Amino acid sequence: QVQVQESGGGLVQAGASLRLSCTASGDTSDRRTMAYFRQAPGKEREFLAGVPWMNRNIYYNDSVKGRFFIGKNTGTNTIELQMDSLRPEDTAVYYCAVERRLYGMGSSDPGEFEFWGRGTQVTVSA
């Protein structure tokens, strides 16, 4: 079983930055892709960025590329999502997730992720 623990989030003004952090623990957690998604009210869950288990070939949703940056500390199996130049449309609940498959190359499909954090609210005011 894999446990997912998130931190970060909050209320900021447009143009500000925030950093989210997520640690996955449990057997095999370090052999799975970790990723961030978000979900705004009335919208589908949206993939943002992911880090494959080998910590190479990081991948992003084009909608946030250049503003959001993801990195991984392999020693602690923690990923961080640095979000810059935040906009009101970035307001959502942000989720960290761990892929079901071992040794995968990474996916952006939320259906491929089995283990989820509780989510953290990010609110960006105009």
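Residues numbered from 1 in each chain as written. Predicted model: local features only at pLDDT ≥ 70, side-chain atom pairs only at ≥ 80, totals over all residues. Heavy atoms only, no water.

**A look at the overall build of the chain**
- Across its full length, the chain holds 0 helices and 11 strands.
- Its C-alpha atoms give the chain principal-axis dimensions of about 40 × 25 × 25 Å.
- Here the analysis covers contacts within the chain between residues at least 6 apart in sequence; of these, 57% occur between residues at least 24 apart. (Helix = DSSP H or I, 4+ residues; strand = E, 2+ residues; numbered from the N terminus. Contact = heavy atoms within 4.5 Å.)

**Quick notes on the sheet that holds strand β1 (residues 3–7)**
- Pairing is antiparallel across the open sheet formed by 4 strands, whose spatial order is β1-β3-β8-β7. Strand pairing shows two members of the sheet lacking a second neighbour, β1 and β7 (68–73), which therefore form its edges. Put simply, the sheet's adjacent strands are angled 15° from each other on average, direction ignored. (Pairing = 2+ DSSP bridges. Axes fitted to C-alpha atoms, helices over the stretch in contact; angles between N-to-C directions.)

**Details of the environment of Ser7**
- On the secondary structure map, Ser7 appears in strand β1.
- With 112 residues separating them in the primary sequence, Ser7 and Gly119 have C-alpha atoms 8.8 Å apart.
- Those residues in contact with Ser7 that sit more than four places away from it in its chain are Leu20 and Ser21.

**Section: the side chain of Gln82**
- With respect to the helices and strands, Gln82 occurs in strand β8 (residues 78–83).
- Reaching out from Gln82, the side chain makes a polar contact with the side chain of Asp84 at a distance of 2.8 Å.
- The residues contacting Gln82, other than those within four sequence positions of it, are Ser17, Leu18, Arg19, Arg67, Phe68 and Phe69. (Polar contact = N/O pair within 3.5 Å; in protein donor to acceptor, adjacent residues only side chain to side chain.)

**Re the environment of Gly119**
- Mapped onto the elements, Gly119 comes out in the loop between β10 (113–116) and β11 (120–125).
- When its relative accessible area of 26% is taken as the criterion, Gly119 is described as partly exposed.
- Taking the C-alpha atoms as reference points, Gly119 and Ala92, 27 residues apart in sequence, are found 9.6 Å from one another. (Buried < 20%, exposed > 50% of the residue type's maximum accessible area, 1.4 Å probe, protein only.)

**Some remarks on the packing of aromatic side chains**
- On inspection of all chains with the given rule, the structure shows 7 aromatic pairs.
- Centre to centre, the rings of Phe37 and Phe47 are 5.7 Å apart; their planes meet at 70°, and the pair counts as edge-to-face. Residue Phe37 is located in strand β4 (residues 34–39), and its partner Phe47 is located in strand β5 (residues 46–51); the two are separated by 10 residues in the primary sequence. Comparing Phe37 with Phe47 shows no difference in burial state: the two are buried. (Phe/Tyr/Trp six-rings, centres within 6.5 Å; stacked < 30°, edge-to-face > 60°.)

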